[in-house]
Amino acid sequence: MNVPAALRYSKTHEWARLEADGTVSVGITDHAQERLGDMVFVELPDIGRKLAAGTECAVVESVKAAADVYAPVCGEVVAANAAVRDAPQSINQDAYASWLFRLKPDDPAELGSLLDARAYAEQATSEE
Amino acid sequence: MLRQTPLTATHRRLGARMVDFGGWEMPLHYGSQIEEHHRVRNDAGVFDVSHMLALDILGPDSRAFLRYALANDVARLERPGRALYSCLLNQRGCILDDLIVYFTGEFQYRVVVNAGTAEKDLAWIRALRQRGTPDITPQCGLCMLAAQGPNARARVWDALPETRNATEPLLRFHAAQCGEFFVARTGYTGEDGFELMFPAVRADSVWNALMRAGAAPCGLGARDTLRLEAGMNLYGQDMDETVTPAESGLAWTVDLSGGREFVGRRALEHGHPLRKLVGLVLLGRGVLRAHQRVVSAHGEGLVTSGGFAPTLGRSIALARVPNAVNVGDAVHAQVRERLLEARVVKPPFVRNGRSLIGPIGEPE
């Protein structure tokens with residue numbers, strides 16, 4: 001299972017990465033894309049939208065199902081990845097390069113409350 | 001405990017994602033469902049369909065019996081070797097199952113029914129036997145494979161050269177028995193190809209020969225997008241015991257000519273269907289899915305099957321809508337909180353690798 005140690009994870013299968021500019025990139029995990037299958041559609045949040053942690057804010061749809069994507073931490077949407085919207089299958093190719101949106105976090109320390117790689121891998125394995 | 005086909009272990013070895021399909025452990029895909037879809041449209045793919053049930057119906061009464069049991073008329077099968085698609089109806093004219101019946105020889109037919117309905121069908125058909133007493137024998141020891149795609153027949157001949165002479169002359173919807181192989185030029189993808197039935201002990205050797213010949217393993221996921229593009233109904237989703245053939249786009253499969261008495265006829269003749277099944281093409285981005293609400297100028301309907309159509313690069317659906325809705329109409333489907341515009345079309349959407357829906361424009 002591909003779970004990079006440098007990222008943080010939510011129980012709902014998002015990954016989060018603190019970027020050098022202080023924003024947080026958010027995507028879905030490799031485990032999630034593998035379970036969903038070939039991606040065919042992505043709906044992204046509007047820039048400027050303020051999100052509480054746990055808010056539904058994006059949708060990824062595969063050949064099999066639609067899945068909600070939740071904000072892993074509180075913050076404001078500052079970017080949405082048009083390249084992934086135009087080519088949803090890039091999530092299947094590299095889930096960790098295919099960020100969906102970026103948040104300016106209200107409190108960067110909130111990332112610390114997310115799962116680390118080991119905890120997420122344990123959760124994902126138990127769901128298999 | 002899920003039921004397994006003769007090839008379950010082989011699918012697992014190939015890395016398939018296995019799912020529960022009507023109580024059977026079946027491959028959903030072997031990596032990419034969309035790639036498998038394209039392989040069938042452009043070349044050749046093989047599906048394990050051994051979960052379906054073949055029933056052999058034998059005896060001097062078999063023809064009269066099937067003429068009574070089925071909504072389509074097996075009398076249309078003038079010579080052994082021909083096949084016919086039909087609904088199995090109940091007395092209310094509603095659909096118990098859809099099936100293919102092959103005329104296999106004098107006083108012999110083979111009926112292939114869906115996996116999820118097999119036990120119900122068998123009990124139903126046996127209960128109709130007061131109308132004649134043919135032998136009805138489920139063929140449980142068979143492996144069934146569907147080789148589909150423009151190159152599928154050639155791949156089968158490479159893999160099983162002994163079947164070539166008997167199967168090369170087969171027209172569409174015809175079948176032949178060659179040795180232990182029953183080979184039918186039928187399928188569920190909108191492409192050319194063969195469906196093969198043979199003793200389960202040969203399952204691995206035949207599967208491997210088809211792989212060596214260049215056919216790609218394909219799972220139920222691709223089977224579903226291929227049949228949806230081909231405008232073919234899925235039992236349990238686009239039709240069930242609450243709807244009639246006319247409400248399911250299948251009026252053409254009910255033979256009301258002549259005075260033939262068959263199960264469901266009286267109900268169909270007195271019924272006035274208010275709904276029909278149409279195709280939808282989503283104009284913009286998004287994905288139509290089963291159970292979404294459809295809003296039209298003539299009232300509401302429901303998507304029965306929907307998804308992303310890999311050949312078309314956009315979403316399509318089958319939907320049950322009020323009768324007054326017509327091809328070319330604009331309707332809306334409710335996708336989460338939004339109403340998305342769709343065009344009503346006549347299925348199929350794709351046949352023999354080509355789009356039949358005409359120009360619609362890029363989705364945004």
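Reference entry: report on the structure contained in this document. (Residues numbered from 1 in each chain as written. Chains lettered and ligands numbered in written order. Predicted model: local features only at pLDDT ≥ 70, side-chain atom pairs only at ≥ 80, totals over all residues.)

### What to know about the pairing of strand S10 (residues 175-178) of chain B
Residues and elements named next belong to chain B.
Reasoning step 1: Where S10 lies against strand S11 (residues 181-184), four bridges are found, and the strand directions are antiparallel. Across the sheet, the residue bridging to cysteine 178 is phenylalanine 181, located in S11.
Reasoning step 2: Between S10 and S11, which pair antiparallel in sequence order, lie two residues; one of them, glycine 179, sits at a positive phi of approximately 60°. (Pairing = 2+ DSSP bridges. Helix = DSSP H or I, 4+ residues; strand = E, 2+ residues; numbered from the N terminus.)

### Section: the interface of chain A and chain B
Reasoning step 1: At the interface, eight residues of chain A touch twelve residues of chain B.
Reasoning step 2: Residue classes in the side of chain A that touches chain B are distributed as four nonpolar, one polar and three charged. (Contact = placed C-beta atoms within 7 Å. Nonpolar A, V, L, I, M, F, W, Y, C, P; charged D, E, K, R; others polar.)

### Quick look at unusual backbone geometry
All names here are of chain B.
Reasoning step 1: Cis geometry is adopted by the peptide bond preceding proline 348, which originates at proline 347 and carries an omega value of 5°.
Reasoning step 2: Mapped onto the secondary structure, proline 348 falls in the loop between strand S19 (338-345) and strand S20 (350-351).
Reasoning step 3: Residues other than glycine seldom take positive phi values, yet phenylalanine 107 does so here, at roughly 65°.
Reasoning step 4: By the secondary structure assignment, phenylalanine 107 is in the loop between strand S6 (95-105) and strand S7 (108-113).
Reasoning step 5: Judged by the 14 C-beta atoms lying within 10 Å of it, phenylalanine 107 is partly exposed.
Reasoning step 6: Notably, phenylalanine 173 is not glycine yet its phi reads approximately 60°, a positive angle.
Reasoning step 7: Among the secondary structure elements, phenylalanine 173 is positioned in the loop between helix H6 (164-167) and S10. (Buried ≥ 20, exposed ≤ 12 C-beta atoms within 10 Å, placed from the backbone.)

### Considering the sheet that holds strand S4 (residues 53-58) of chain B
All names here are of chain B.
Reasoning step 1: Reading across the sheet, the five strands line up as S5-S6-S7-S4-S8 and stay open at both edges, with antiparallel pairing between neighbours. Two strands close off the open sheet at either side, each with one partner strand: strand S5 (83-89) and strand S8 (135-138). Direction aside, the axes of adjacent strands within the sheet are offset by 30° on average.
Reasoning step 2: Where S6 meets S7, six bridges bridge the pair, whose relative direction is antiparallel. Bridge assignment links leucine 99 to a residue of S7, and that residue is valine 113.
Reasoning step 3: On the sheet, helix H3 (residues 62-69) packs against S4, S5, S6 and S7 and is oriented at approximately 130° with respect to S4.
Reasoning step 4: Running at roughly 70° to S6, helix H4 (residues 118-127) makes contact with S4, S5, S6, S7 and S8 of the sheet. (Axes fitted to C-alpha atoms, helices over the stretch in contact; angles between N-to-C directions.)

### Quick look at the packing of helix H2 (residues 33-42) of chain B against helix H8 (residues 220-229) of chain B
All names here are of chain B.
Reasoning step 1: Following both chains from N to C, one finds H2 and H8 inclined at 55°, their axes separated by 8 Å at the closest point. The orientation of H2 with respect to H8, classified from their angle, is oblique. Considering only the axes of H2 and H8, their crossing is right-handed. Judged by residue contacts, Gln33, Glu36, His37 and Val40 of H2 engage Gly221, Ala222, Thr225 and Leu226 from H8.
Reasoning step 2: For the contact of H2 with H8, the class distribution of residues is three nonpolar, four polar and one charged. (Parallel < 35°, antiparallel > 145°, perpendicular 65-115°, else oblique. Left-handed = near helix turned anticlockwise from the far one by under 90°.)

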